[in-house]
Amino acid sequence: STIICGLIYIIVVWEIAPHTALLTWLATLYLLSGLRYLSYTFYLRLKPGIEKARLWKNIFIAGAFLSGLVWGTAGIFFFPVSSLSHQVFLILLVAGLSAGSVATNTALKWGSQAFVLPSMTVLAVESFMQGSDMHLAMGAVISLYIFSMIGTACRMSESTLSSLKLRFENLD
């Protein structure tokens, strides 16, 4: 979904942001997404044993973190001061991607946080830096959302890991 969301975002901000910067950002997002997909397919082909679990966990978390950073840079470079609607669109888009990350990464405790923290924190900081009452409120709500997503991710991860543990114990 990040590939489609990236394209939609570029279309939405095309008229208000420098085209070269937008295309560079999109190319970076697509390159990173491609590398993450390649690492996933490589993992499936290798079928590594338990001794390589930490390595693959770290590769996955690094990919999620870098993806969060790329989305966070959109908040740095394409957060138009003059357009509240474009700001809100980016916040909603990244919040949706963050929620999707939490929902799909339940088996790996830090997978979703690696995406949520760099992507959403930048948007909270950018909102606070605008200084208006509306932006201060937006920054506060984004901050609450970050804590909510992290808490939800932890609870979902614990539940998933507990279920998996019980499943394997029942196989014995």
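Shown above is the structure to which this text applies.
Conventions and cut-offs
- Residues numbered from 1 in each chain as written.
- Predicted model: local features only at pLDDT ≥ 70, side-chain atom pairs only at ≥ 80, totals over all residues.
- Heavy atoms only, no water.
- Helix = DSSP H or I, 4+ residues; strand = E, 2+ residues; numbered from the N terminus.
- Buried < 20%, exposed > 50% of the residue type's maximum accessible area, 1.4 Å probe, protein only.
- Contact = heavy atoms within 4.5 Å.
- Areas by Shrake-Rupley, 256 points an atom, 1.4 Å probe, with all protein chains shown as cover.
- Expected span 1.5 Å × (residues − 1).
- Phe/Tyr/Trp six-rings, centres within 6.5 Å; stacked < 30°, edge-to-face > 60°.
- Core = buried A, V, L, I, M, F, W, Y, C linked by side-chain atoms within 4.5 Å.
- Polar contact = N/O pair within 3.5 Å; in protein donor to acceptor, adjacent residues only side chain to side chain.

Caption draft 1: Layout of the overall build of the chain. For the chain, the helix and strand inventory stands at six helices and zero strands. Judged by the C-alpha coordinates and their principal axes, the chain covers about 60 × 30 × 20 Å. Evaluated residue by residue, the chain yields a buried proportion of 38% over its 172 residues. For the chain, the share of sequence-separated contacts (at least 6 apart) that also reach a separation of at least 24 residues comes to 67%. Accessible surface, the chain as shown: approximately 10100 Å² in total, 70% of it carbon and sulfur.

Caption draft 2: Geometry of the side chain of Ser-67. Here Ser-67 lies in helix H3 (residues 53-77). Apart from residues no more than four positions distant in its own chain, Ser-67 is found in contact with Leu-32, Arg-36 and Phe-115.

Caption draft 3: Quick look at helix H6 (residues 133-171). The first and last C-alpha atoms of H6 sit 57 Å apart over 39 residues, in line with the 57 Å expected at 1.5 Å per residue. For H6, the complete set of buried residues consists of His-135, Met-138, Gly-139, Ile-142, Ile-146, Met-149, Ala-153, Cys-154 and Ser-157. Of the surrounding elements, those touching the buried residues of H6 are helix H4 (84-104) and helix H5 (111-130).

Caption draft 4: View of unusual backbone geometry. Of note, Lys-47 is a non-glycine position whose phi angle comes to about 50°, a positive value. With a relative accessible area of 69%, Lys-47 lands in the exposed category.

Caption draft 5: Here's a closer look at the packing of aromatic side chains. Evaluated as defined, the whole model comprises nine aromatic pairs. The interplanar angle of 45° and the centroid separation of 6.3 Å between the aromatic rings of Tyr-37 and Tyr-40 together place this pair among those described as tilted. Of this pair, Tyr-37 and Tyr-40 both sit in helix H2 (residues 19-46), three residues apart, which is roughly one turn of that helix. Since its relative accessible area comes to 54%, Tyr-37 is described here as exposed. A ring pair is formed by Phe-42 and Trp-56, whose centres lie 6.1 Å apart and whose planes are at 50°; its orientation type is tilted.

Caption draft 6: Quick look at the nonpolar core. Counting residues in each nonpolar core, the largest one holds 36 residues, and the members touching the most others are Tyr-9, Trp-25, Trp-71, Leu-90, Met-120 and Leu-123. Elements supplying a minimum of two residues to this core: helix H1 (2-13), H2, H3, H4, H5 and H6. No other element matches the seven residues that H4 contributes to this core. Filtering out sequence-adjacent residues up to four positions away, Tyr-9 remains in contact with Trp-25, Trp-71, Ala-74, Phe-78, Phe-89, Leu-90 and Leu-93.

Caption draft 7: Structural context of the environment of Met-120. Its place among the elements puts Met-120 in helix H5. Those residues in contact with Met-120 that lie beyond four places of it in its chain are Val-94, Ala-95, Ser-98, Ile-142, Tyr-145 and Ile-146.

Caption draft 8: Layout of the side chain of Gln-87. Mapped onto the elements, Gln-87 comes out in helix H4. Within the structure, the side chain of Gln-87 is placed 2.6 Å from the backbone oxygen of Pro-80, a separation counted as a polar contact. What Gln-87 contacts, discounting residues up to four positions off in sequence, is Phe-79, Pro-80, Val-81, His-135 and Met-138.

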